[in-house]
Each structure stands twice: as C-alpha cells, then as structure tokens.
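# Inside the fold
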Amino acid sequence: MKHLEDIQGSRVYGRRQGKALSEARQARMDKWMPEIEIRLPVIEGEESAPPVPPQEYFTESLRDYWLEIGFGKGEHLAAQAAAHPGVGMIGSEPFLNGVSGLVDQVDQQGLSNVRVFMDDARLLMDSLPDQSLGRAFILFPDPWPKARHHKRRIVSAGNIAVLARLLKDGAELRIGTDHMEYCRWIMAHMLDNEDFDWLADKPQNWQSRPEDWPATRYETKSLAQGRKSSYLRFVRRPRS
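Conventions used here
Residues numbered from 1 in each chain as written. Predicted model: local features only at pLDDT ≥ 70, side-chain atom pairs only at ≥ 80, totals over all residues. Heavy atoms only, no water. Buried < 20%, exposed > 50% of the residue type's maximum accessible area, 1.4 Å probe, protein only. Helix = DSSP H or I, 4+ residues; strand = E, 2+ residues; numbered from the N terminus. Right-handed = clockwise from strand over helix to strand, strands pointing away. Pairing = 2+ DSSP bridges. Axes fitted to C-alpha atoms, helices over the stretch in contact; angles between N-to-C directions. Parallel < 35°, antiparallel > 145°, perpendicular 65-115°, else oblique. Left-handed = near helix turned anticlockwise from the far one by under 90°. Contact = heavy atoms within 4.5 Å. Nonpolar A, V, L, I, M, F, W, Y, C, P; charged D, E, K, R; others polar. Core = buried A, V, L, I, M, F, W, Y, C linked by side-chain atoms within 4.5 Å.

The next subject is the pairing of strand β5 (residues 167-177). Regular strands place their side chains on alternate faces of the sheet. Among the eleven residues that make up β5, eight are buried, leaving the element largely enclosed by the rest of the structure. Viewed along the sheet, the connection from strand β4 (residues 133-139) through helix α5 (residues 157-166) into β5 turns out right-handed. Inspection of the sheet shows β5 paired to strand β7 (residues 230-236) by six bridges, in the antiparallel sense. Bridged to Ile-175 within β7 is Leu-232.

Moving on, we get to the packing of helix α2 (residues 75-83) against helix α3 (residues 96-109). Contact geometry of α2 with α3 gives a least axis separation of 9 Å together with a crossing angle of 30 degrees. Classed by the angle they form, the pair α2 and α3 counts as roughly parallel. Classified by chirality, the crossing of α3 by α2 is right-handed. Between α2, through Leu-77, Ala-78 and Ala-82, and α3, the contact on the second element is made entirely by Leu-102, Gln-105 and Gln-109.

Let us now look at the packing of helix α1 (residues 23-36) against α3. For the pair α1 and α3, the least separation of the axes is 9 Å and the interaxial angle reads 80 degrees. Taken together, α1 and α3 sit at an angle that is classed as roughly perpendicular. Contact residues: α1 offers Arg-25, Arg-28, Met-29, Lys-31, Trp-32, Met-33 and Ile-36, while α3 offers Leu-96, Val-99, Ser-100, Val-103, Asp-104, Val-106 and Asp-107. Its residues assigned to classes, the contact of α1 with α3 comprises eight nonpolar, one polar and five charged.

For Pro-94, the location among the structural elements is in the loop between β2 (87-92) and α3. Classification of Pro-94 by relative accessible area gives buried; the value is 6%.

The next subject is the nonpolar core. Among the nonpolar cores identified, the biggest contains 36 residues, and Leu-173 and Ile-175 are the most heavily contacted of them. Those elements giving two or more residues to this core turn out to be β1 (64-69), α4 (121-127), β4, α5, β5, α6 (180-191) and β7. Non-local contacts of Ile-175, meaning those with residues more than four positions away in its chain, are made with Ile-138, Val-155, Ile-186, Met-190, Trp-213, Ser-230, Tyr-231, Leu-232 and Phe-234. Ranked by size, the runner-up nonpolar core spans 25 residues in total, among them Leu-77, Val-99, Val-106 and Phe-140.

The structure is reproduced here in structure tokens:
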C-alpha cells in the first residue's frame, strides 16, 4: 500500500455503516440530504475539476466557512452551527449512522448553515481553493494504535500541508484526542510544519476544553471512563 498522504483523495475513514436506520431517521435523511449534501463536480476524461469555493454550496450569503473532518454523530458541528448562524459549517463523514445523527440535529434545530460531504475528506479538501476556510476541526480521530496502521492516521504531513493551503491567514485548526501516544504524534507533526503556531503557553491551554469548543458524545464517554483528553489549537501563520 502506498503512503496515503501522498495520494490525492487519500482515504481517511473506516467503515461506512453500522446498524440499519429506523424508518423515522431514514425519512429525515430522504428529506434533508438532497438539500444539504455536497456533491463534487464530475469531469470527463483526465482533466481535473476547477476548485469550488465553499460558498457555492450554500444558498445564503455567509461571512465564513468552517470544516469539520469526521464529525461522528454531529454534536459538535450542530452546536457550532447553532452558535454561529453566519458561518457555513461543512462536515465530512462517510459513516451513514453518523450523518443521520447530524441530520436529526439539522431537522430538530432548523439549521440552514450546515452542509455534508458523505465521502472521504481528502476528496473535498482537494477540491477547495486556497485560503477558503476560516477554521477546521479534527476531533477525536481514530488513533490507529498499531504501528503498521500509523500511515492511516489523518494527522499526517500531507494532510497538514493541505490544511495549511486551505486555511486563511490567522485561521485556527483544532485537534482533540484522548490517546496520549497519538497526541505526541500530532504535536510532533504539527510542530514540524512551519505554517502553524501552537496556541499554548501553559498546560491549562491544552488540558481543558475551551468554552467555545462543544463536547462530542465520544469525548463525554471517554471522560466518564477516566481517560484524559487533549485540546490542541493551532493558528495558520501569515503567508509571506
């Protein structure tokens, strides 16, 4: 297998579906997905598609666009969308049951500023233009703890470089994890990249979740089981 970060559209997810959806949830999916799902343009032949600005996926004018990679059941993304109605929240998640969880929130809260890409995040990332995002989130990704699987980790030199391209100057990248070895991996890779600064000057900056960082279901369960989480914040340095 080639190193995934060197492949355009590299795969950064696992399975696609767990248990079957209930009739009610399937009905909500059928109602909302035609309105909020992002579908990338298809180009015939070998010619690549031109970049698509994120505003093309929204019907209203918004002040900024944020991306969450692997949003789980969508608790964090929905909370951010509700707290920031002027921001277009784009979530990438190929897991059907997770997407259904977010769609439930869209339906219940009437969130018009949410869009979903139900495929691999790198396909979407590779399609976006430079400096098109004001913030990005990677929250509690699979740590792939076995050494032979480390090449599958989403936080890699290649994916960090893509995020550096997509984020505006001064934009924030937030990464959360409850896996200490993966935390060290993340820090090593992020600090090795010259495009980002770590926003921390004391342990509280990364040991405590900021007030404007809503909890995820996974994080709540992890804390209940006694695992500590790290809340890492990085800012995109100004381009020279």
